[in-house]
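Here is how the chains run, residue by residue.
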Amino acid sequence: AMEPYCNLSFSSCLLPESVISATELELLTQNVVLAHQETCQFRQENLHVLRWETFSTPEMQSFHHKPMDQMWERCVCHVTDAIQYIVEFAKRLSGFMDLNPNDQIVLLKAGAMELLLLRMSRAFNCYNSTVYFEGKYAQLELFHSLGCIDLISAMFDFCHILGVLNLSEHEIAFYSAMTLLDPCRPWLQDKQKVETLHRKLQVAFRHLLRRTHREGIISKLPHKERLSAICQLHLEKLNVFQQMYPGIAWERFPPLYKELFISEPDNS
Ligand SMILES: N#Cc1cc2c(cc1C(F)(C(F)(F)F)C(F)(F)F)CC[C@H]1N(C(=O)[C@H]3CC[C@H](C(=O)O)CC3)CC[C@@]21S(=O)(=O)c1ccc(F)cc1
């Protein structure tokens with residue numbers, strides 16, 4: 001009988017056989033989507049339901065008048081919780097735990113803040129530029145007392161760009177996995193291994209986008225330079241804060257946050 005034009009499993013006509021088989025592609029897609037779903041702190045639908053619940057003016061004022069170190073301490077606790085979930089996401093991504101421990105730390109150190117922003121965009125309402133924070137949606141000025149409104153507004157702008165794309169959970173999952181498993185990160189020892197993982201993710205992501213007719217978003221996703229620029233700003237602000245309150249930054253910051261974001265003080 002005639003060979004069917006393209007056997008239904010798509011294994012030959014659509015995928016570069018060398019990179020990944022159709023079955024492996026399905027398994028990888030499930031792994032990425034599940035790893036994301038199981039390691040987000042809030043479900044998309046819960047954030048969605050709350051998105052018009054904004055803080056009242058008196059509530060805003062109370063945040064506004066908080067001393068800087070108190071506001072920082074609250075946010076650092078939230079960021080440490082969020083980073084823990086991001087570490088869990090990484091550990092569940094197939095292939096991540098097979099990397100050598102040094103490369104796992106290198107990828108998390110370089111990618112944690114970026115993944116944080118991708119997750120923050122899920123909690124961002126781009127119609128009124130508010131973000132979920134401690135139970136309700138907050139305007140930018142609520143964070144004024146942190147003393148780094150330029151960083152926060154850069155984060156808001158970034159979330160806006162993503163919000164407009166209206167990314168699905170599947171798309172955010174793949175975008176996060178590919179941001180984390182970036183073979184171009186400096187100091188990687190086994191770059192080749194990360195490259196192979198990244199390429200498989202790329203094929204699986206393109207396959208998902210083709211299937212859902214969403215190839216158009218690829219060219220609209222923010223470039224990684226933009227992401228890293230914001231994260232650079234974060235590190236600078238953190239150093240400023242450390243200088244202003246030398247005691248606090250050291251004792252009160254949770255260890256994981258210090259490990260990922262704070263370089264050892266030179267005890268010279
Ligand atoms: N300390 C802090 C800090 C804490 C956070 C962010 C940034 C910083 C810094 F950028 C700062 F402070 F400068 F703004 C810092 F420090 F990193 F630089 C962005 C991610 C935010 N975040 C989230 O958006 C979560 C992510 C996970 C998601 C989920 O999994 O469902 C739910 C929403 C967790 C920490 C949190 S936050 O909630 O404290 C927050 C702080 C400022 C802001 F304008 C909006 C939110």
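Heads up: these notes are all about the structure in this document. Computed from a predicted model, the values in this text were never measured in an experiment.

What follows concerns the nonpolar core. Counting residues in hydrophobic clusters, the biggest one holds 81 residues, and the most contacted among them are Leu93, Phe96, Leu142, Phe143 and Leu181. In terms of residues, this core owes the most to one element, helix α4 (residues 68-92), which gives 12 residues. Not counting chain neighbours up to four residues away, the residues in contact with Phe143 comprise Met71, Val131, Phe133, Ala138, Ile149, Ile152 and Phe156.

It is worth spelling out the pattern of salt bridges at this point. Overall, the coordinates contain 11 salt bridges when judged by the stated rule. Glu59 serves as the salt-bridge partner of Lys136, at 3.1 Å between the closest nitrogen and oxygen. Taken together, the residues Lys136 in strand β3 (residues 136-138) and Glu59 in helix α3 (residues 57-64) connect sequence positions 77 residues apart. Where Glu169 meets Arg122, a salt bridge forms, and the shortest distance between an N and an O atom there is 3.0 Å. Of this pair, Glu169 sits in helix α7 (residues 169-180) while Arg122 sits in helix α5 (residues 101-122), and the two are 47 residues apart along the sequence. Classification of Glu169 by relative accessible area gives buried; the value is 18%.

Now for the packing of α5 against α7. Axes are the key here: two packed helices are described by the angle between their axes and the distance separating the axes. α7 packs onto α5 with a crossing angle of 165° between their chain directions and a minimal axis gap of 9 Å. Put simply, α5 runs roughly antiparallel to α7. Our pair here, α5 against α7, has a crossing hand that is right-handed. Between α5, through Leu107, Leu108, Glu114, Leu115, Leu118 and Arg122, and α7, the contact on the second element is made entirely by Glu169, Ile172, Tyr175, Ser176, Thr179 and Leu180. Here the contact of α5 with α7 is composed, by residue class, of seven nonpolar, two polar and three charged.

Okay, the site of the ligand next. If you check the shell around the ligand, you find 25 residues, and the closest are Gln41, Phe42, Arg122, Ile152 and His234. Between Val76 and the ligand, the recorded distance is 3.4 Å, taken from a backbone N or O atom to a nitrogen atom. When the ligand sits alone it has 760 Å² of accessible area, and the protein chains cover 98% of it. Of the pockets mapped on this structure, the ligand occupies the largest pocket. Only α4, α5, β2 (130-133) and α6 (149-165) provide two or more residues apiece to the shell around the ligand. For the shell around the ligand, the element with the most residues is α4, which contributes six residues. Split by residue class, the shell around the ligand holds 20 nonpolar, three polar and two charged.

About the thresholds
Residues numbered from 1 in each chain as written. Predicted model: local features only at pLDDT ≥ 70, side-chain atom pairs only at ≥ 80, totals over all residues. Heavy atoms only, no water. Core = buried A, V, L, I, M, F, W, Y, C linked by side-chain atoms within 4.5 Å. Buried < 20%, exposed > 50% of the residue type's maximum accessible area, 1.4 Å probe, protein only. Helix = DSSP H or I, 4+ residues; strand = E, 2+ residues; numbered from the N terminus. Contact = heavy atoms within 4.5 Å. Salt bridge = Lys/Arg side-chain N within 4 Å of Asp/Glu carboxyl O. Axes fitted to C-alpha atoms, helices over the stretch in contact; angles between N-to-C directions. Parallel < 35°, antiparallel > 145°, perpendicular 65-115°, else oblique. Left-handed = near helix turned anticlockwise from the far one by under 90°. Nonpolar A, V, L, I, M, F, W, Y, C, P; charged D, E, K, R; others polar. Near = heavy atom within 4 Å. Polar contact = N/O pair within 3.5 Å; in protein donor to acceptor, adjacent residues only side chain to side chain. Areas by Shrake-Rupley, 256 points an atom, 1.4 Å probe, with all protein chains shown as cover. 1 Å grid on protein atoms, 1.4 Å probe; cavity = no way out; pocket = protein on both sides within 12 Å on 5 of 7 lines; lining within 4 Å. Sits in = over half its atoms within 2 Å of the grid points.

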